[in-house]
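# Structural characterization, general
Okay, here's what each chain looks like letter by letter:
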Amino acid sequence: MKKHIASVLLLAACAAASAQDIQERVIKFGHVNPQGHHLSLGVQKFAELVAARSGGKITVKEFAASVLGGEQQQFSAAQGGVQEMTVLSATVTGAVVKEFTLLDIPFSFSRGEQVDALLQGPFGQALLKRLPDKGLVGLGFWEAGFRQFTNSRRPVQTVEDLKGLKVRVIPNPMYVESFAALGTNPVPMAFPELYGALESRAMDAQENPFAIILNSKFYEVQKYLSVTNHVYTASPVLVSKRFWDKLSATEQKILQDAATEAGAYQRKLSRDTSVAARKELEGKMQVNDVPPAVLARMRELTAPVADKFAASYDPALVKLYREELDKARK
């Protein structure tokens, strides 16, 4: 009986100590996606988990739809400690740790499960470990998903159908050179400017996952959607290191565990949403699946670009990436 009472008292003391380690805090968590997008719902799930596990002491406030600026602005704000958290594309993160853009190599993955195996394993951890030196802490990988191609000119059924199209791409050299290799005229542009550029016909085309195409209403200014799954967009969840370093170990664990749990929820939601979004878009746009032989030709055309960039990266990380990707594909 005495041992039982001692155990209860010890647990109570630990709980009290843990509660003292949690301060009243407000976290600004920004992103560029509209309310209702699966990344937005992932942020909301994260906020719920953090509130529950902190006893309501830590409040996560979502700032959706580029309210805090484009991805690059929010990335810089998190680095500088002005914004506590963001979730954005691995492409943007590649500005400070260029090996993140290994994830942007076209036609690398065919299924989400392959990406999960790569990013939840040694390679994903190796990428995240490089962030603290850049003023950021990575809590894991969520996703925007596989990207598709839309345009206002014609269906893309062959490589030749891409030629000459003015395509908005993420401001990333690998994207620019890959789309140039396919014969398009790629133009780097921040996401908030995209709808207007498509509406005015300054741009003919863009590429994004199904859910973003739907939620951003690109069907209003684009007629054709060609299913290519050409790039998978991973979305690292980032915390300002300046903010992270102020947290107790208990608070850090709350955020890490919540990001991991919300990530599993968000990725499943993303994949379910993708199926539903495609179905809805089929009622709003002309949708076609690009034939496998054409996709194989596109892979051949973009492979030299991927090899060129990989040659300038840390050889150890490139080797790890290739080994882990081979395992994931099997």
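I will try to describe carefully the structure that is included in this document. (Residues numbered from 1 in each chain as written. Predicted model: local features only at pLDDT ≥ 70, side-chain atom pairs only at ≥ 80, totals over all residues. Heavy atoms only, no water.)

Taken as a whole and assessed by the stated rule, the structure comprises 19 salt bridges. Note that Asp245 is salt-bridged to Lys241, the shortest N-O span being 2.7 Å. Among the ionic pairs, Glu300 bridges to Arg297, the shortest N-O distance being 3.1 Å. Within this pair, Glu300 and its partner Arg297 are both found in helix H12 (residues 292-310), separated by three residues, close to a single helical turn. (Salt bridge = Lys/Arg side-chain N within 4 Å of Asp/Glu carboxyl O. Helix = DSSP H or I, 4+ residues; strand = E, 2+ residues; numbered from the N terminus.)

Turning next to the packing of aromatic side chains. Throughout the structure, instances matching the rule amount to 10 aromatic pairs. Ring centres of Tyr175 and Phe179 lie 6.4 Å apart, and the angle between their planes is 15°; on these two criteria the pair is classed as stacked. Linking Tyr175 with Phe179, this pair stays in helix H7 (residues 173-181), spanning four residues, or about one helical turn. Pairing Tyr195 with Phe218 gives two aromatic rings, centres 6.4 Å apart and planes at 25°, and the pair type is stacked. One end of the pair, Tyr195, is in helix H8 (residues 194-199); the other, Phe218, is in the loop between helix H9 (210-215) and strand E9 (224-227), with 23 residues separating them in the sequence. Classification of Tyr195 as partly exposed rests on a relative accessible area of 24%. Residue class for Phe218 comes out buried when judged on its relative accessible area of 2%. Through successive ring pairs, a cluster of aromatic residues spans Phe29, Phe46 and Trp142. Here the guanidinium or amino end of Lys45 rests over the ring plane of Tyr265, the centre of that ring lying 5.2 Å away. (Phe/Tyr/Trp six-rings, centres within 6.5 Å; stacked < 30°, edge-to-face > 60°. Buried < 20%, exposed > 50% of the residue type's maximum accessible area, 1.4 Å probe, protein only. Lys NZ or Arg CZ within 6 Å of the ring centre and 35° of its normal.)

As a further point, take helix H13 (residues 315-329). A turn of α-helix holds 3.6 residues, and therefore any two residues three or four places apart point the same way. With 15 residues, H13 should cover 21 Å at 1.5 Å per step; its first-to-last C-alpha distance of 21 Å lies within 8% of that length. Within H13 the residues assigned to the buried category are Leu317, Val318, Tyr321, Glu324, Leu325 and Ala328. One side of H13 holds all its buried residues, which, seen down the axis, span an arc of 140°. Facing away from the buried side of H13, by more than 90 degrees, are the exposed residues Pro315, Ala316, Lys319 and Lys327. Considering only its buried residues, H13 is in contact with helix H5 (112-119), helix H6 (122-128) and H12. The residue sitting at the N-terminus of H13 and contributing the capping side-chain oxygen is Asp314; that oxygen lies 2.9 Å from the backbone nitrogen of Ala316. (Expected span 1.5 Å × (residues − 1). Arc of directions from axis to C-beta. Contact = heavy atoms within 4.5 Å. Polar contact = N/O pair within 3.5 Å; in protein donor to acceptor, adjacent residues only side chain to side chain.)

It is worth stressing that arrangement in space is one thing and function is another; only the former is reported here.
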